[in-house]
Amino acid sequence: MIPGYLTLPPGSDGKNLPAIVLPRGGPDARDEWQFDWLPQFFANRGYAVLQPNYRGSTGYGAAWFQQNGFKSWKTAIGDVDDGGRWLVKQGIAAQDKMAIVGWSYGGYAALQSAVLDPGLFKAVAAVAPVTDLQMLVDREIGYTDYKIVEAQIGKGPHVIEGSPARNAGRIKVPVILFHGDLDLNVAIEQSRTMASRLKAADGNVELVEYKGLDHQLDDDQVRTEMLDKIDTFLRTSMNLTVAAN
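All of these numbers come straight from a predicted model, not from anything done at the bench.

Summed over all chains, the structure comprises 16 salt bridges. The shortest N-O distance in the salt bridge between Asp 82 and Arg 85 comes to 2.4 Å. Pair noted here: Asp 82 and Arg 85 are both in helix α3 (residues 73-89), with a separation of three residues, about one helical turn. In this structure, Arg 223 and Asp 218 form a salt bridge, with 3.0 Å as the shortest nitrogen-oxygen distance. Here the salt bridges do not stand alone but share partners, grouping Arg 45, Asp 228, Asp 231 and Arg 235 into one network.

In structure tokens:
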């Protein structure tokens, strides 16, 4: 059993809704029961929103944490995908109107979910995502945290298999990416590489770059614009006719 938080639209009966699986960033973190502007926005726009605390999350013990969400990506992303299947099985989500949205590691999870199970989600929106695990390690060469990041990612086939930019050809649904060009957590090159690889694979992709902003995109106008863009993108990609609240 994977714990998580389900947010439903105001006044909804919770049945046959457009839905979003919203894996959080980290991976060394967890969602908690508190106000969160991302699920609140999407629920207000008519979506059911599921935030799964997939294995690899902190706060549940070492066995749950596994080797972390990168080394154990198949387990973590498998749990995220299972969250989508659960929404459909419970009758909460309409199978053809289910998307995945994430920020940072959540953006990585959103993209990698489309690699692991193409077509489960009908659209992918990723904000400041990690897209190439080796690129994440190489960027830290010469910095004091290089060994820490290298140990977190590890070495082996999982690095290539677990990098959505290296498996862009498997992604068959529309993708929208957002990234600040001053991001010190996840370099904007991660999104640029992802967009380039998807285009090379004839994928449907849009990259929105924000000048002068970091990983958190701490600008109210930018965040408002981004949320509206994601909502419009999802409605277009999934042919939604649900009116916004």
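Next, the rest of the story.
Bringing the sheet that holds strand β1 (residues 4-7) into the picture now. Spatially, the seven strands line up as an open sheet ordered β1-β3-β2-β4-β5-β6-β7, and their pairing is mixed. Looking at the sheet topology across the chains shown, the edges are occupied by β1 and β7 (205-210). Direction aside, neighbouring strands of the sheet carry axes that sit 15° apart on average. Note that strand β5 (residues 124-127) and strand β6 (residues 175-180) share four bridges and pair parallel. Each residue of the ladder has a partner; that of Ala 125, found in β6, is Ile 176. Lying over the sheet, helix α4 (residues 105-116) contacts β4 (93-103), β5 and β6, oriented at roughly 140° with respect to β4. Strands in contact with helix α9 (residues 220-237) are β2 (17-21), β4, β5, β6 and β7; relative to β7, the strand with the most contacts, it is inclined by about 175°.

Attention now goes to the environment of Leu 111. As for its position among the elements, Leu 111 is in helix α4. Its relative accessible area of 0% is what places Leu 111 among the buried residues. In this structure the C-alpha to C-alpha distance between Leu 111 and Ala 165, which are 54 residues apart in sequence, comes to 8.7 Å. Once residues lying within four places of it in the same chain are set aside, the contact partners of Leu 111 are Val 124, Ala 126, Pro 129, Thr 131, Pro 164, Ile 171, Val 175, Leu 177 and Met 194.

Analysis parameters
- Residues numbered from 1 in each chain as written.
- Predicted model: local features only at pLDDT ≥ 70, side-chain atom pairs only at ≥ 80, totals over all residues.
- Heavy atoms only, no water.
- Salt bridge = Lys/Arg side-chain N within 4 Å of Asp/Glu carboxyl O.
- Helix = DSSP H or I, 4+ residues; strand = E, 2+ residues; numbered from the N terminus.
- Pairing = 2+ DSSP bridges.
- Axes fitted to C-alpha atoms, helices over the stretch in contact; angles between N-to-C directions.
- Contact = heavy atoms within 4.5 Å.
- Buried < 20%, exposed > 50% of the residue type's maximum accessible area, 1.4 Å probe, protein only.

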